[in-house]
Amino acid sequence: MASETISPVDYMKLLDEASSTVKGLLKDHPELSQPRVMIICGSGLGGIAEILHPESKVEVTYDKIPGFRVSTVPGHAGKLIFGLIGSNKVPVMCMVGRLHFYEGYSFQETTFPVRLAKQLNVETLIVTNAAGGVRSGFKPGDLMIINDHINFPGLAGFHPLRGPNLEEFGPRFQPLSDAYDFELRKLFFTKAKKELGISRCIYEGTYLFAAGPTFETRAEVRMIRNLGGDAVGMSTVPEVIVARHSGLRVLALSLITNTGLGEEPPSAFDENPRKLDEGMASHDEVLESANEASKDVQKIFEATINEL
């Protein structure tokens, strides 16, 4: 069961404590004390942190930060890495190991790092995830720039902005029609195709957030496709919503790591049915696909962030 939410007053106190702690740990690194960009690394995409200048890195494990929970998922290291990216030495904070609702944490807890980023004067959030491809033609290794989302748990009342509004950050009723920044999406695509010549397929599409932790059934894949979802995953949307509520610009990327099985299962009446497990997703498959694509993703993000 997700943890109980705390009052806005206690939440802000905890956030101030976390901010003070991080600033204290960075006191000997003034160039990192006010990061401009926060990067949240999805499953198997922690290698994005490798694009930070090695001599500039400062690592802070989650257990040192008040209010932070511990990541329990394989492929999520559980630390913030501060550093500089690109020839312009853009200061960033990289979250290697996100927190998920399905781990038992509340949305207040899973999005706490985004609120902290705002307190540290971050202006842009870059979110990555490993996702199942729902749109016909998607293949493992493809990239999808998110231009819209469907917050499936949110439509049923499990929403990251549920409860008393934090007026210090944003309005009670946050518009989300512009959640995914057009200029950032354009910059990412331009850097990938025109500057770097990346051959990997890059699409735009709608991401559907499902709570997890199970992968979707065949009927659920068909439903998601009918609802307009192009990819499905278990993260990102709560963080994006809180980021927009905090006034941050957002760029989000899905790495397609497996293809959702939407056809009906084999019938018990078939004399020669196909194997039921053919094409089924696994977390190991997710990590393997992420590792194969990570080098391209790192190159594109380095070029993109260098312009921010």
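For clarity, every value in this text was computed on a predicted model and none was experimentally measured.

*Asks:* Kindly report on helix H7 (residues 237-245), identifying the contributing residues and their values.
*Replies:* For H7, the tally of buried residues reaches 9 of 9 residues, placing the bulk of the element in the interior. When we look at burial in H7, the residues that qualify are Val237, Pro238, Glu239, Val240, Ile241, Val242, Ala243, Arg244 and His245. One or two residues past the end of H7 sits Gly247, with phi positive at roughly 85 degrees.

*Asks:* Could you give me a rundown of the nonpolar core, with the residues and numbers involved?
*Replies:* Judged by nonpolar contacts, the single largest core of 51 residues is most densely connected at Leu80, Phe82 and Leu116. Excluding residues that lie within four positions of it along the chain, Phe82 makes contacts with Val22, Leu26, Leu32, Pro35, Leu52, Ser56, Lys57, Val58, Val60, Val92, Met93 and Leu120. Listed in part, the 30 residues of the second largest apolar core include Leu52, Val90, Ala293 and Val297.

*Asks:* Go over the environment of His149 with me, naming the residues and quoting the values.
*Replies:* Here His149 is to be found in strand S6 (residues 143-151). Excluding residues within four positions of it along the chain, His149 makes contact with Leu176, Tyr180, Thr206, Tyr207, Val237 and Ile241. Among the polar contacts listed, one links the side chain of His149 to the side chain of Tyr180, at a separation of 2.7 Å.

*Asks:* Explain a nonpolar patch on the surface to me, using residue names and the numbers behind them.
*Replies:* Taken together, Phe152, Leu155, Met223 and Leu227 make up a surface patch of nonpolar side chains, about 390 Å² in accessible area. Contributing elements (two or more residues each) for the nonpolar patch: helix H4 (152-155) and helix H6 (218-227). Tracing the backbone shows Met223 in helix H6.

*Asks:* Which residues make up the packing of aromatic side chains, and what values go with them?
*Replies:* Taken as a whole, this structure holds 8 aromatic pairs when the rule is applied. For the pair Tyr11 and Phe112, a centre-to-centre distance of 5.7 Å together with 85 degrees between the ring planes defines the contact as edge-to-face. Within this pair, whereas Tyr11 is found in helix H1 (residues 8-25), its partner Phe112 is found in helix H3 (residues 112-119), the two being separated by 101 residues in sequence. As far as the burial class goes, Tyr11 and Phe112 line up, both buried. Where Phe68 meets Phe112, the ring centres are 5.9 Å apart and the plane angle is 85 degrees; that geometry is what we call edge-to-face.

*Asks:* Requested: an account of the pairing of strand S3 (residues 79-85), with residues and values cited.
*Replies:* Burial analysis of S3 places 6 of its 7 residues in the buried class, the great majority of the element. Note: strand S2 (residues 58-61) against S3, 4 bridges, orientation antiparallel. By the bridge assignment, Val60 is partnered in S3 with Leu80. The sheet contact formed by S3 and strand S4 (residues 90-96) spans 7 bridges and is antiparallel.

*Asks:* Before we move on, could you go through the UniProt feature "binding site: phosphate" (unreviewed entry) in the protein chain and cite the residues and values that matter?
*Replies:* The residues that UniProt annotates with the feature "binding site: phosphate" (unreviewed entry) are Ser43, His76, Arg98, Leu99, His100, Ala130 and Ser235. Along the chain, the position of Ala130 falls in strand S5 (residues 124-133).

*Asks:* Which residues make up unusual backbone geometry, and what values go with them?
*Replies:* Along the chain, Gly212 connects to Pro213 via a cis peptide bond; the corresponding omega equals 10 degrees. Tracing the chain through its elements places Pro213 in the loop between strand S7 (202-209) and H6. For Lys89, which is not glycine, the phi dihedral falls at a positive 50 degrees. Turning to its location among the elements, Lys89 is positioned in the loop between S3 and S4.

Basis of the calculations
- Residues numbered from 1 in each chain as written.
- Predicted model: local features only at pLDDT ≥ 70, side-chain atom pairs only at ≥ 80, totals over all residues.
- Heavy atoms only, no water.
- Buried < 20%, exposed > 50% of the residue type's maximum accessible area, 1.4 Å probe, protein only.
- Helix = DSSP H or I, 4+ residues; strand = E, 2+ residues; numbered from the N terminus.
- Core = buried A, V, L, I, M, F, W, Y, C linked by side-chain atoms within 4.5 Å.
- Contact = heavy atoms within 4.5 Å.
- Polar contact = N/O pair within 3.5 Å; in protein donor to acceptor, adjacent residues only side chain to side chain.
- Patch = residues over 30% accessible without salt bridge, like charges linked within 9 Å, V, L, I, M, F, W, Y side chains within 5 Å.
- Areas by Shrake-Rupley, 256 points an atom, 1.4 Å probe, with all protein chains shown as cover.
- Salt bridge = Lys/Arg side-chain N within 4 Å of Asp/Glu carboxyl O.
- Phe/Tyr/Trp six-rings, centres within 6.5 Å; stacked < 30°, edge-to-face > 60°.
- Pairing = 2+ DSSP bridges.
- UniProt positions renumbered as here; feature names shortened; annotations may be inferred.

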